[in-house]
Amino acid sequence: MEYLNYIIIGLFLLFIIKRIIPVKGVRQISTTDLKNELKDKNKQFVDVRTPGEFKGNNIKGFKNLPLQQLAQKAEKELSKDKEVVVICQSGMRSQNATKILKKLGFTNVTNVKGGMSAWR
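The protein chain is annotated in an unreviewed UniProt entry as Rhodanese-like domain-containing protein from Lederbergia citri.

So this is what it looks like as structure tokens:
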């Protein structure tokens with residue numbers, strides 16, 4: 001019975017670690033780096049927050065594709081030939097969005113660390 005507890009704790013820790021560790025092949029940038037990249041017309045900028053959050057505060061040039069709808073809308077509204085820069089409020093949803101985009105075959109994906117909370 002004691003071994004079962006260790007196995008459960010180990011699986012729980014593995015689950016937590018997998019959620020926190022960034023996806024392989026995804027570039028991580030700060031909001032300071034983002035300010036320099038906003039001028040690049042060869043990049044697609046995606047905000048994965050809810051429409052309400054996006055309406056309240058957003059960065060010019062970002063397209064709102066909520067995380068819950070990303071898998072359905074990404075292939076129609078985004079090009080796989082261009083880099084996709086993803087932001088959310090804190091960086092957690094955008095990190096999940098990068099996993100979704102990688103699974104859909106997007107190869108050039110960037111996550112903005114700290115999200116809108118770090119944007120000034």
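So that's the structure; there's more coming.
**What to know about the UniProt feature "domain: Rhodanese" (unreviewed entry) in the protein chain**
Per the UniProt entry, the sites bearing "domain: Rhodanese" (unreviewed entry) are residues 39–120 in this numbering. As a span, residues 39–120 carries 40% helix and 20% strand, and end to end its C-alpha atoms are 17 Å apart.

**Notes on the side chain of Glu37**
You can see Glu37 is positioned in helix H2 (residues 31–37). Beyond its immediate chain neighbours, meaning those up to four positions away, Glu37 contacts Arg27, Ile29, Lys43, Phe45, Glu83 and Val85.

**Some remarks on the pattern of salt bridges**
Summed over all chains, the structure comprises 9 salt bridges. The partner of Lys43 in a salt bridge is Glu37, and the shortest N-O contact between them spans 2.6 Å. Linking Glu83 and Lys43 is a salt bridge whose minimum nitrogen-to-oxygen distance equals 3.3 Å. Within this pair, whereas Glu83 is found in strand S4 (residues 83–87), its partner Lys43 is found in strand S2 (residues 43–47), the two being separated by 40 residues in sequence. A single burial state applies to Glu83 and to Lys43, both of which are buried. Members of the salt-bridge network, linked through shared partners, are Arg27, Glu37, Asp40, Lys43 and Glu83.

**Re the sheet that holds S4**
Here we have 5 strands laid out as an open sheet, ordered S1-S5-S4-S2-S3, and parallel in their pairing. The open sheet is flanked by strand S1 (26–29) and strand S3 (63–64), the only strands paired with a single partner. Against the sheet, helix H5 (residues 92–103) makes contact with S1, S4 and strand S5 (109–112), and its axis sits at roughly 175° relative to S5, the strand it touches most.

**Some thoughts on a nonpolar patch on the surface**
Residues Ile9, Phe12, Leu13, Phe15, Ile16 and Ile17 make up a contiguous nonpolar surface patch of roughly 580 Å² in combined accessible area. Within the secondary structure, Ile17 sits in helix H1 (residues 2–20).

About the cut-offs
- Residues numbered from 1 in each chain as written.
- Predicted model: local features only at pLDDT ≥ 70, side-chain atom pairs only at ≥ 80, totals over all residues.
- Heavy atoms only, no water.
- UniProt positions renumbered as here; feature names shortened; annotations may be inferred.
- Helix = DSSP H or I, 4+ residues; strand = E, 2+ residues; numbered from the N terminus.
- Contact = heavy atoms within 4.5 Å.
- Salt bridge = Lys/Arg side-chain N within 4 Å of Asp/Glu carboxyl O.
- Buried < 20%, exposed > 50% of the residue type's maximum accessible area, 1.4 Å probe, protein only.
- Pairing = 2+ DSSP bridges.
- Axes fitted to C-alpha atoms, helices over the stretch in contact; angles between N-to-C directions.
- Patch = residues over 30% accessible without salt bridge, like charges linked within 9 Å, V, L, I, M, F, W, Y side chains within 5 Å.
- Areas by Shrake-Rupley, 256 points an atom, 1.4 Å probe, with all protein chains shown as cover.

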